[in-house]
Amino acid sequence: MSHYKSNLRDIEFNLFEVLGRDKILGAGPFAELDADTAREILAEVDRVAREDLAASFEDSDRNPPVFDPTTNTAPVPAAFKKSYDTWMDSGFWSLQAPAEVGGTAAPSSLVWSTAELVLGANAPIWMYGAGPFFSSVVHRNGTDRDKRIAEIMVERLWGATMVLTEPDAGSDVGSGRTKATLNEDGTWNISGVKRFITSAESDLQENIMHLVLARPEGVEGAGGPGTKGLSLFLVPKYHFDLETGELTGERNGVYVTNVEHKMGIKVSNTCELTFGDPQVGGGEPAKGWLLGEVHDGIAQMFQVIENARMMVGTKAIATLSSGYLNALEYAKQRVQGADLTNPAKTAPRVTITHHPDVRRSLLVQKSFAEAMRSLVLYTASWQDQVQLAEAEGREDQLAEAVNDLLLPIVKGYGSERSWTILGTESLQTFGGSGFLQDYPIEQYVRDAKIDTLYEGTTAIQGQDFFFRKIVKNQGQALGHLAGEIKTFLENEGGNGRLKESRELLATALEDANAIVGHMFNDLMASDPSSGDIRNVYKVAQNTSRLLMVIGDVVCAWLLLRGAEVALEKLGTVTLPQDKDFYEGKVAAAQFFAAYNLPKVSAERAIAEAVDNSIMDLPESAF
Ligand code: ST9
């Protein structure tokens, strides 16, 4: 039986009943894809995910790839290869790439819905299969030569990687030392060592296109210090004919020189990648092309990073959702103890769903999984707006800014909440059995931990959220979001059943705003011309807190907005399963508000009391 338990009903609820995606499907840039087709795609991806992609989930963990230093290879297990081939053969990857490179124009909200299903079933399949998405970045930023490369990447279903990190340049990408020197023929030679490169080696594809950040040497106006001095190069594993895409049979001098031994997600090869080292492989130079022939590497790479951050959050949330549904199934069957209201020693034993603390735990899992699914799809709906505007030759700056604001919440909040709840609630529901490999949860916990780390740790997401997405944006996107929440608060929808939750949300929104205001004041007071620069330390002690607080507020709002829709539907539905579904939506929203929002006031008190005592403490006292 499949480890993966999907929640297609809830995905469709968000897409069609709350976000009205049927209105943008079948028209404009998505004319070829109507709502019925979208539902068919979702149903088929759901089936493939549960039946085929999930089939190799456990085997890939127990028999992970082994790096062979004599050949610089790390083949994946056969079962995983079979699942990967099934996914690529299905053709649904084409939704990730625009029509210009051979993909299918689809709204982001549909793409991320399919992503949830694949990522929940077997996440590395989505990652190894992301070449078509990478090709869209190459196409968008590229010269005619690069655009042809992008097409070839899709035609031949090559893999692709994002190559930023180095042993001494992790969060601080700008410390990277990998360099690039220009050849007479216009190509570049890359030399250096990169680390933690996902999907840099496998036997899944004919070729891999590495998107590499390196510092050009001897170029006026480029190659300076920090991230702005980095340029982005396309460096293939094997050389190929630029017209036909046929491999020439020559190896490029980029080799995997180690594969990390990780706590989880082991089938996803995390590689050390060595460029142009005469001692490695055949000692060939590592040749590449400058993307777009412009030195704008970090901005180009962030087009990949933004999607990868969305992917990581979605992966975490997909795992929590399946973790919850596995825990629920177990709890409904596991008989243990008597009902608390029947203290007799001979009282009949009941399933653990009768116990209050188990019910609390199940609702924590359900409400967070559903809240964060709605967060992913709400964020994706802003990406739809960006796509629609682009198709009309417009720029929708508000949609871009709100999407930018939400991304660190999806990634940072989504991964932190998911991994914590998987460990403390989903696994816990199984009691001691949760610790065993007989159930998938222990692997979920191990596989999900990485989501708080890669693509920018939670601390990086918190800094990005406050300094870039709020301060640099002058609060415009946050103001818009707060405005949407206020409109909801002023609305009376929900037959009075959401009145108390609305009041809790109103207070939480006020407290969250106060934290932002407080941090902003500290930031102003850190201006050295008028204040003490060390006040910025106080701001930085609150950035991760703010990310989590706003995450809670936005998630509560999204759940309550869904509950309003559910309450309307409850007036008309007749089928028992529909009634249960909508009652569940209302209950999850009320529970989430009641159990989480009052904590925002405490977070406000903590945030406002932050001083610099931890910064004054001598290191030796730690
Ligand atoms: C990794 C691999 O961890 C993980 C596995 C990935 C799996 C691969 C699969 C990929 C799948 C892809 C998904 C496919 C789905 C398809 C769906 C299709 C719909 N936003 O603040 P400054 C830029 S890889 C945008 O001064 P510092 C901007 O250009 C390793 N741009 O930064 C800016 O200039 P300006 C991951 C941003 O102090 C410039 O950077 N590593 C953003 O120099 C400089 O900004 C990391 O993530 C942004 N949010 O550097 C690194 N931020 O201001 C984490 C910056 O003029 N570290 N830019 O616009 C950081 O993010 C640091 O904050 C830093 C700091 C490096 C940016």
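Everything quoted here is computed from the prediction, not taken from an experiment.

A short note on the overall build of the chain
Then step 1. Scanning the chain from terminus to terminus reveals 18 helices and 12 strands.
Then step 2. Radius of gyration (C-alpha) of the chain: 25 Å, near the 25 Å computed for a compact globule of 622 residues.
Then step 3. Within the chain, buried positions represent 56% of all 622 residues.
Then step 4. If you take every contact in the chain between residues at least 6 apart in sequence, the share linking residues at least 24 apart comes to 75%.
Then step 5. As displayed, the chain offers around 25,500 Å² of accessible surface, 52% of which is attributable to carbon and sulfur atoms.
Then step 6. Each charge sign in the chain was given a centre, from 57 positive and 85 negative side chains, and these centres are 5 Å apart.

Overview of the site of the ligand
Then step 1. Taken together, 30 residues lie near the ligand, and T227, K228, E455, D464 and R468 sit nearest.
Then step 2. Between the ligand and G456, the relevant distance is 3.3 Å, taken from an oxygen atom to a main-chain nitrogen or oxygen of the residue.
Then step 3. Protein contact buries 79% of the 1,400 Å² of open area that the ligand shows by itself.
Then step 4. Contributing elements (two or more residues each) for the shell around the ligand: α5 (108–128), α6 (131–141), α8 (297–333) and α12 (458–472).
Then step 5. In terms of residues, the shell around the ligand owes the most to one element, α8, which gives 7 residues.
Then step 6. Residues belonging to the shell around the ligand are distributed by class as follows: 15 nonpolar, 7 polar and 8 charged.

What about α8?
Then step 1. In this model, α8 (37 residues) spans 54 Å end to end at C-alpha, consistent with the 54 Å of a helix rising 1.5 Å per residue.
Then step 2. The principal kink in α8, of about 30°, is found at Q303.
Then step 3. A large share of α8 lies buried, amounting to 29 of its 37 residues.

Brief notes about the nonpolar core
Then step 1. One finds W87 and L505 to be the most contacted residues of the largest nonpolar core, which totals 169 residues.
Then step 2. Broken down by element, this core gets its largest block of residues, 19 residues, from helix α15 (residues 535–570).
Then step 3. Beyond its immediate sequence surroundings of up to four residues, L505 is in contact with I485, F488, L489, V553, A556, W557, L560 and L597.
Then step 4. If you look at the next biggest cluster of nonpolar residues, it comprises 20 residues, including I197, A214, C271 and F275.

Digging into the packing of aromatic side chains
Then step 1. Inspection of the entire model under this criterion finds 20 aromatic pairs.
Then step 2. Relative to Y439, the ring of F430 lies with its centre 4.9 Å away and its plane at 55°, an arrangement referred to as tilted.
Then step 3. Its relative accessible area of 3% is what places F430 among the buried residues.
Then step 4. Assessed through its relative accessible area of 29%, Y439 is described here as partly exposed.
Then step 5. The ring centre of F581 lies 4.1 Å from the NZ or CZ of R9, which sits over that ring.
Then step 6. Above the plane of the ring of Y238 lies R251, whose end atom (NZ or CZ) is 5.2 Å from the centre.

Some points on helix α4 (residues 78–90)
Then step 1. In a regular helix each residue adds 1.5 Å, so 13 residues correspond to 18 Å; α4 covers 18 Å between its end C-alpha atoms and thus fits that length.
Then step 2. Those residues of α4 that sit buried are F80, S83, Y84, W87 and M88. Viewed end-on, α4 has its buried residues packed into an arc of 130°, placing them on one side of the element. Seen from the buried face of α4, the exposed residues on the opposite side, beyond 90 degrees, are A78, K82 and D89.
Then step 3. Those residues of α4 that are buried are in contact with α2 (35–53), α3 (57–62) and α5.
Then step 4. Just downstream of α4 lies G91, where phi reads positive at about 80°.

A word on the environment of W382
Then step 1. Topologically, W382 is positioned in helix α9 (residues 356–391).
Then step 2. For W382, a relative accessible area of 10% puts it in the buried group.
Then step 3. With 21 residues separating them along the chain, W382 and N403 place their C-alpha atoms 5.7 Å apart.
Then step 4. Those residues in contact with W382, other than ones at most four positions away along the chain, are L398, A399, V402, N403, L406, H480 and E484.

Overview of the pairing of strand β7 (residues 247–251)
Then step 1. For strand β6 (residues 238–240) and β7, the ladder comprises 2 bridges, and the chain directions are antiparallel. Paired with F240 across the two strands is L247, which belongs to β7.
Then step 2. In this antiparallel pair of consecutive strands, β6 and β7, the connection spans 6 residues, and G245 shows a positive phi of 90°.

Focus on the domain arrangement of the chain
Then step 1. One can read the domain layout of the chain as domain 1 (8–134), domain 2 (158–295) and domain 3 (460–617).
Then step 2. Measuring from the centre of the C-alpha atoms in domain 2 to the corresponding centre in domain 3 gives 40 Å.

Scoring rules and cut-offs
- Residues numbered from 1 in each chain as written.
- Predicted model: local features only at pLDDT ≥ 70, side-chain atom pairs only at ≥ 80, totals over all residues.
- Heavy atoms only, no water.
- Helix = DSSP H or I, 4+ residues; strand = E, 2+ residues; numbered from the N terminus.
- Rg over C-alpha atoms; globule rule 2.2 N^0.38 Å.
- Buried < 20%, exposed > 50% of the residue type's maximum accessible area, 1.4 Å probe, protein only.
- Contact = heavy atoms within 4.5 Å.
- Areas by Shrake-Rupley, 256 points an atom, 1.4 Å probe, with all protein chains shown as cover.
- Lys, Arg positive; Asp, Glu negative; His and termini not counted.
- Charge placed at Lys NZ, Arg CZ, Asp CG, Glu CD.
- Near = heavy atom within 4 Å.
- Polar contact = N/O pair within 3.5 Å; in protein donor to acceptor, adjacent residues only side chain to side chain.
- Nonpolar A, V, L, I, M, F, W, Y, C, P; charged D, E, K, R; others polar.
- Expected span 1.5 Å × (residues − 1).
- Bend = angle between axes of the 7 residues up to and from the residue.
- Core = buried A, V, L, I, M, F, W, Y, C linked by side-chain atoms within 4.5 Å.
- Phe/Tyr/Trp six-rings, centres within 6.5 Å; stacked < 30°, edge-to-face > 60°.
- Lys NZ or Arg CZ within 6 Å of the ring centre and 35° of its normal.
- Arc of directions from axis to C-beta.
- Pairing = 2+ DSSP bridges.
- Domains from an automatic or database assignment.

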